[in-house]
Amino acid sequence: MKLVLVGAGHAHLHLLAEAEALRTAGLEVTLVAPETFHYSGLATGVLSGALSEAAARIDVAALAAAHGVAHRATTVTAVDLVARNLRLAAGDDRPFDLVSFNVGSGVSDPMGLTKAAEVWPVKPLSRLLELKIRLETVLRAEGRAPSIVVAGGGQTGFEVAAAMSGLCARHGQMARVTVVSRDPPRWAPSSALASLARRLKDRGVNVVDGEVVERSDGLCRLSDGRALECEMLVLAGGLVAPPLIGTLGLPTDGAGRLYVTPALHTPNEPTVFAAGDCAMVAGAPRPPAGVFGVRAAPVLKANLVARAQGGRPRPYRPQTRWLSIMDLGDGTGLALRGRLWWRGRTALWVKRRLDLGFVAAARGLRPGA
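So, how was this worked out
Residues numbered from 1 in each chain as written. Predicted model: local features only at pLDDT ≥ 70, side-chain atom pairs only at ≥ 80, totals over all residues. Heavy atoms only, no water. Buried < 20%, exposed > 50% of the residue type's maximum accessible area, 1.4 Å probe, protein only. Helix = DSSP H or I, 4+ residues; strand = E, 2+ residues; numbered from the N terminus. Axes fitted to C-alpha atoms, helices over the stretch in contact; angles between N-to-C directions. Parallel < 35°, antiparallel > 145°, perpendicular 65-115°, else oblique. Left-handed = near helix turned anticlockwise from the far one by under 90°. Contact = heavy atoms within 4.5 Å. Pairing = 2+ DSSP bridges. Phe/Tyr/Trp six-rings, centres within 6.5 Å; stacked < 30°, edge-to-face > 60°. Core = buried A, V, L, I, M, F, W, Y, C linked by side-chain atoms within 4.5 Å. Salt bridge = Lys/Arg side-chain N within 4 Å of Asp/Glu carboxyl O. Polar contact = N/O pair within 3.5 Å; in protein donor to acceptor, adjacent residues only side chain to side chain.

What about helix α1 (residues 10–17)?
Logical step 1: The element α1 is largely enclosed, with a buried count of 6 among its 8 residues.
Logical step 2: Along α1, the residues that are buried comprise H10, A11, H12, L13, L15 and L16.

Regarding the packing of α1 against helix α9 (residues 290–309)
Logical step 1: Relative orientation of the contacting elements α1 and α9 amounts to 40°, with a least axis distance of 7 Å. One finds that α1 runs oblique with respect to α9. Of the two elements, α1 crosses α9, and the hand of that crossing is right-handed. Of the residues in α9, those in contact with H10, A11, H12, H14 and L15 of α1 are G290, G293, V294, A297, P298, L300, K301 and L304.

Topic: the sheet that holds strand β12 (residues 147–151)
Logical step 1: The 5 strands are arranged β11-β18-β12-β13-β14 in an open sheet whose pairing can be described as parallel. With one partner strand each, in any of the chains shown, β11 (119–121) and β14 (205–209) form the two edges of the open sheet. Neighbouring strand axes in the sheet, compared pairwise and without regard to direction, differ in orientation by 20° on average.
Logical step 2: Sheet strands in contact with helix α6 (residues 155–170) are β12, β13 (176–181), β14 and β18 (232–235), and its direction is about 175° off that of β13.

Notes on the packing of aromatic side chains
Logical step 1: Per the counting criterion, the structure on display carries 3 aromatic pairs.
Logical step 2: Judged by centre distance (4.7 Å) and plane angle (20°), the rings of Y39 and F358 are stacked. In this pair, Y39 is assigned in the loop between β3 (36–38) and α3 (43–47) and F358 in helix α10 (residues 345–363), connecting sequence segments 319 residues apart. We note that Y39, like F358, is buried.

Comments concerning the nonpolar core
Logical step 1: Counting residues in each nonpolar core, the largest one holds 66 residues, and the members touching the most others are L13, V79, L86, F101, L264 and L304.
Logical step 2: In terms of residues, this core owes the most to one element, α9, which gives 7 residues.
Logical step 3: One finds L125, L135, V150 and V180 within the second-largest nonpolar core, a separate group that totals 50 residues.

A closer look at the pattern of salt bridges
Logical step 1: Taken as a whole and judged by the stated rule, the model has 22 salt bridges.
Logical step 2: One salt-bridge network, in which partners are shared between bridges, spans E142, R144, R176, E229 and E231.

Observations regarding the sheet that holds strand β9 (residues 98–101)
Logical step 1: Pairing within the open sheet is parallel, and its 5 strands lie in the order β5-β2-β1-β9-β21. Two strands lie at the open edges of the sheet, namely β5 (70–72) and β21 (272–274), each paired on one side alone. Ignoring strand direction, the axes of neighbouring strands in this sheet form an average angle of 20°.
Logical step 2: Note that strand β1 (residues 2–6) and β9 share 4 bridges and pair parallel. Its bridge partner lying in β9, L5 is registered against S100.

Re the side chain of T178
Logical step 1: In this fold, T178 is placed in strand β13.
Logical step 2: By relative accessible area, T178 is classed as buried at 18%.
Logical step 3: When neighbours within four sequence positions are excluded, T178 is seen to be in contact with I148, V149, V150, N206, V208 and L228.

Section: the side chain of S105
Logical step 1: Relative to the elements of secondary structure, S105 occurs in the loop between β9 and β10 (106–107).
Logical step 2: Within the structure, the side chain of S105 is placed 3.0 Å from the side chain of K123, a separation counted as a polar contact.
Logical step 3: A polar side-chain atom of S105 sits 3.2 Å from a polar atom in the side chain of D277.
Logical step 4: Residues in contact with S105, not counting those within four places in the same chain, are K123, L239, V240, P242 and D277.

Here it is, written out as structure tokens:
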């Protein structure tokens, strides 16, 4: 039975490590994904300059080879569910009996802002690495911090703004960053948000209400007509599933994420599985966060084996409370779990330990090795 894994997100990295168990169950495994994976939990640490790009990079091609998994370093451009066939960007086809999608998320851009110059979506994560290089070029060559607008007042927008402030500070400059939030932030307790806003304001990051609708001539225009000075625009709001998911013709939520059952396959087509940011368990909506892909991974593996062997699937129940830690780019972190929160160096220490541990495990290394 042919199993094709599309994408190399958190869940599929786990499946690479479990490839022998999949083969024992009678599954012939192929991975279709780029050669490298940048771990999202460390992305802002890289952007702030606290970590090297290599710290967040996982060599997917090497992992696939180490675990005996056939790897196509390309992407899927079309899916024929009737013929059970994938069309690859490389020009060839890949038939499947079972297919699993773990392709992350992208940034919604209904205004077409990415068509303008100096616009940087936070996804794919490679764009954040390019943004860091661009920002450092200005800081070094001109000895000043450029004016930056971050469109999106969610947790991602605030963390990216904090990271850029940290990078400016490393170059001896005060940041000039404005976070534009369409709605009042509600992703954390009000006391945590107030504390964070005060801290960021002292570091050159301000927050304003509004929605960016136009980018031109070194400015960003908001829906109410206001204009903000803007040399660089970062899009950090409205994470959505990649366009490929929408071509499947299967039910999706408002963010284009594929609806799946607790067994992690789609209700309409039990040969199609999905996990991570591109999927949503029907009746259990959760925000895009790596923790869900990590927790779903063992269930995905068990259910692919069950599907191959005619066994009973296990249910995946996304947790209702989870630990989320923001890297604030200044050597501190903000930890959130439900209504509980704390900020400080200890929070960042915990985050680093968890994130570096995940990368080390994915690479097959001991943490710190």
